[in-house]
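Results of the structural survey
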Amino acid sequence: MKPINRLAALSLASVLPLMLPPVVQAAQSQGAVEVVHWWTSAGEAKSVGVLKQLVEKQGFTWRDSAVAGGGGAAAMTILKTRAVSGSPPSAAQVKGPDIQEWGRLGLLTPIDNVAKANHWDSLLPETVADLMRYEGHYVAVPLNIHRINWLWLNPEVLKQAGVAKAPSTLEELYAAADKLKEAGFIALAHGGQPWQDTTVFEALVLSIMGAQGFNQAFIEHDAQTLTGAKMTEVFTALRKLQGYMDPDGTGQDWNLEAAKVIDGKAGMQIMGDWAKSEWTAAGKKAGTDYQCLPFPGSQGIYSYTIDSLAMFKLSRKNDTPGNNSARDTLAKVALEAEFQYVFNQNKGSIPVIKGLDMSLFDHCAQASAADFADAEKAGTLIPSMAFNMSTSQAVQGAIFDVVSHFLSDKNADPSKAGQQLRSAILAASH
């Protein structure tokens, strides 16, 4: 795999502790499981804390290796360093095609014994189960399903700005943003980081080009689609939206921008449903204190990413029966109803296992589950490009670079951006 090169600014002090092999567990512990992840916002940390408690309840030690920033890019850089140096963690947050890449490197360990004992084949949607297997063997456990193409609104701010109703088209979105700016609010809370830029870009692709256009561009990499008039329209819309983004958002983490919507300083945010975890942590109620709706123009399409934990082969020093039991316990409890309910209620996502009672979830989660089912039937489930569910990290990184360069260069030509996108994808694919 090509290394992520956008993280040279990481301080040595922040990286070194996570590069070192985990300390051997205390004698009183049955075994330990170390997890590398990037669930570091308030709502996310609360969610992962639930998993920690369930593992420790079984007598095992949880070793937390959380890495903030970069939409997971920083964590992946550290994970690669750890794996190459022969000190991998027990488990790490890994997504989509990257599970297969780690499998091809021979660094993952099968957990078929856990899957068979707990009936994963019947518990998981087949699309999800396929992503968790390498060469027919389960090597990862899925935790949830996140929808990406959401728009989050503070209805009180919109009301103060004179916005009568939530926008359902791009033109209505622009009109609402104009009123918010005129009233002195930040129209669109947005942190200028590559993954956040591309989240907005992906939403516009779905809105303007539809599910078919997205598939042709970012799964098939069709040259005509990537360089055509519709892609020019997408980049033109991205430039227009840029005029509504938080002028102080450069480099800001997504949760800090979400806080501006929660606190009434901004009216809207384009973000995946983990944004709901921040509203929940702030004690806000869905449908009352905030609104969630599909990004205008993308109704009926469901862009998704799946959080999962890939299980790594331990170093000889740490490959003990106790540590293997701790890893298997982690995999087991992650797909049990107790964890699925609490984790997803805290994190904003929906359960990955079939048949759970959604009446225990809030309005946004119920809408998400219903939309997922409808999109599955309609064939409009879209594996997110922005969260490398449909691309390798190399291709994802190439798209990030093109989109962010376009936004940083005010003179960049939307009609030429599609060709730049195609060239970058071709280069990253070889």
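Cut-offs applied
Residues numbered from 1 in each chain as written. Predicted model: local features only at pLDDT ≥ 70, side-chain atom pairs only at ≥ 80, totals over all residues. Heavy atoms only, no water. Helix = DSSP H or I, 4+ residues; strand = E, 2+ residues; numbered from the N terminus. Buried < 20%, exposed > 50% of the residue type's maximum accessible area, 1.4 Å probe, protein only. Lys, Arg positive; Asp, Glu negative; His and termini not counted. Salt bridge = Lys/Arg side-chain N within 4 Å of Asp/Glu carboxyl O. Contact = heavy atoms within 4.5 Å. Axes fitted to C-alpha atoms, helices over the stretch in contact; angles between N-to-C directions. Parallel < 35°, antiparallel > 145°, perpendicular 65-115°, else oblique. Left-handed = near helix turned anticlockwise from the far one by under 90°. Nonpolar A, V, L, I, M, F, W, Y, C, P; charged D, E, K, R; others polar. Pairing = 2+ DSSP bridges. Polar contact = N/O pair within 3.5 Å; in protein donor to acceptor, adjacent residues only side chain to side chain. pLDDT = per-residue confidence, 0-100. Expected span 1.5 Å × (residues − 1). Arc of directions from axis to C-beta.

Before going further, it helps to spend a moment on the side chain of D98. With respect to the secondary-structure elements, D98 resides in helix α4 (residues 97–104). Put simply, D98 is tucked away with no salt bridge, and the nearest opposite charge, on K80, sits 7.1 Å away. Excluding residues within four positions of it along the chain, D98 makes contact with N388 and Q393.

Right, let's get into the packing of helix α2 (residues 42–57) against helix α16 (residues 337–347). Remark: α2 packs on α16, axes separated minimally by 8 Å, with the N-to-C direction vectors making an angle of 165°. With respect to their mutual orientation, α2 and α16 come out roughly antiparallel. Helix-helix and strand crossings are classified by hand; for α2 and α16 the assignment is right-handed. Facing α2, whose interface residues are G43, E44, K46, S47, V48, V50, L51 and L54, α16 presents E338, F339, V342, F343, N346 and K347. A class-by-class count of the residues in the contact of α2 with α16 yields 7 nonpolar, 3 polar and 4 charged.

Moving on, we get to the sheet that holds strand β9 (residues 186–189). In a beta sheet, neighbouring strands pair by backbone hydrogen bonds and run either parallel or antiparallel. Across the sheet, which stays open at both edges, the 4 strands sit in the order β9-β10-β8-β11 with mixed pairing between neighbours. A strand with exactly one partner marks an edge of an open sheet, and here the two such strands are β9 and β11 (291–294). The mean angle between the axes of side-by-side strands here comes to 20°, regardless of whether they run parallel or antiparallel. Across 4 bridges, strand β8 (residues 150–153) lies against β11 in antiparallel orientation. Within β11, the residue paired with L151 across the bridge is L293.

Attention now goes to the side chain of E257. Here E257 lies in helix α13 (residues 254–262). For E257, a relative accessible area of 0% puts it in the buried group. For E257, the side chain forms a polar contact with the main-chain nitrogen of H190, separated by 2.9 Å.

For the rest of this paragraph, the subject is the sheet that holds strand β3 (residues 91–93). Strand order in the open sheet formed by 5 strands is β2-β1-β3-β13-β6, with mixed pairing between adjacent strands. One side of each edge strand has no neighbouring strand; the edge strands of this open sheet are β2 (61–66) and β6 (140–142). If you compare each strand with its neighbour and ignore which way they point, the axes differ by 20° on average. Strand direction decides the pairing type here: strand β1 (residues 32–37) and β2, joined by 6 bridges, are parallel. Looking at the pairing, V35 lines up with D64 of β2. Packed onto the sheet, helix α3 (residues 73–84) meets β1 and β3 and runs at close to 135° relative to β1.

What follows concerns unusual backbone geometry. Although it is not a glycine, E135 sits at a positive phi angle of roughly 50°. Mapped onto the fold, E135 is located in the loop between β4 (133–134) and β5 (137–138). Judged by its relative accessible area of 64%, E135 falls in the exposed class. With phi around 40°, N388 is a residue other than glycine that occupies positive phi space. By secondary structure assignment, the location of N388 is in the loop between β14 (381–383) and α18 (393–408).

The predicted coordinates should not be examined in detail at positions where pLDDT is low. For the protein, mean pLDDT is 91; residues scoring 70 or higher make up 93% of the total. Note on residues 1–28: pLDDT under 50 across the span, and 49 contacts to partners over four residues away in sequence or across chains.

Attention now goes to α4. Those residues of α4 that fall on the buried side of the exposure criterion are D98, I99, E101, W102 and G103. The inward-facing, buried residues of α4 contact α3, α7 (126–132), β4, β6, β13 (308–311) and α18. A positive backbone phi angle near 75° is found at G106, which sits one or two residues after α4.

Its 16 residues give helix α17 (residues 363–378) an end-to-end C-alpha distance of 22 Å, which sits within 8% of 22 Å, the value for a rise of 1.5 Å per residue. Among the residues making up α17, those that are buried are C364, A365, S368, F372 and A375. Down the axis of α17, the sector holding all buried residues measures 95°, keeping them to one side. Away from its buried face, by an angle of more than 90 degrees, α17 presents the exposed residues K377 and A378. Next to the buried residues of α17 lie β7 (146–147), β8, α14 (275–281), β11, β12 (302–305) and β14. Structurally, the start of α17 carries an N-cap: the backbone nitrogen of C364 is 3.1 Å from a side-chain oxygen of D362. Where α17 ends, the next residue or the one after it, G379, has phi of about 75°, a positive value.

For the rest of this paragraph, the subject is the pairing of β12. By the alternation rule, side chains of β12 split into Y302 and Y304 and S303 and T305, which are all buried. As paired strands, β7 and β12 are joined by 2 bridges and run antiparallel to one another. By the bridge assignment for β12, R147 is matched with Y304. Judged from the 3 bridges that link them, β12 and β14 form a sheet pairing that is parallel. Within β14, the residue paired with Y302 across the bridge is L381.

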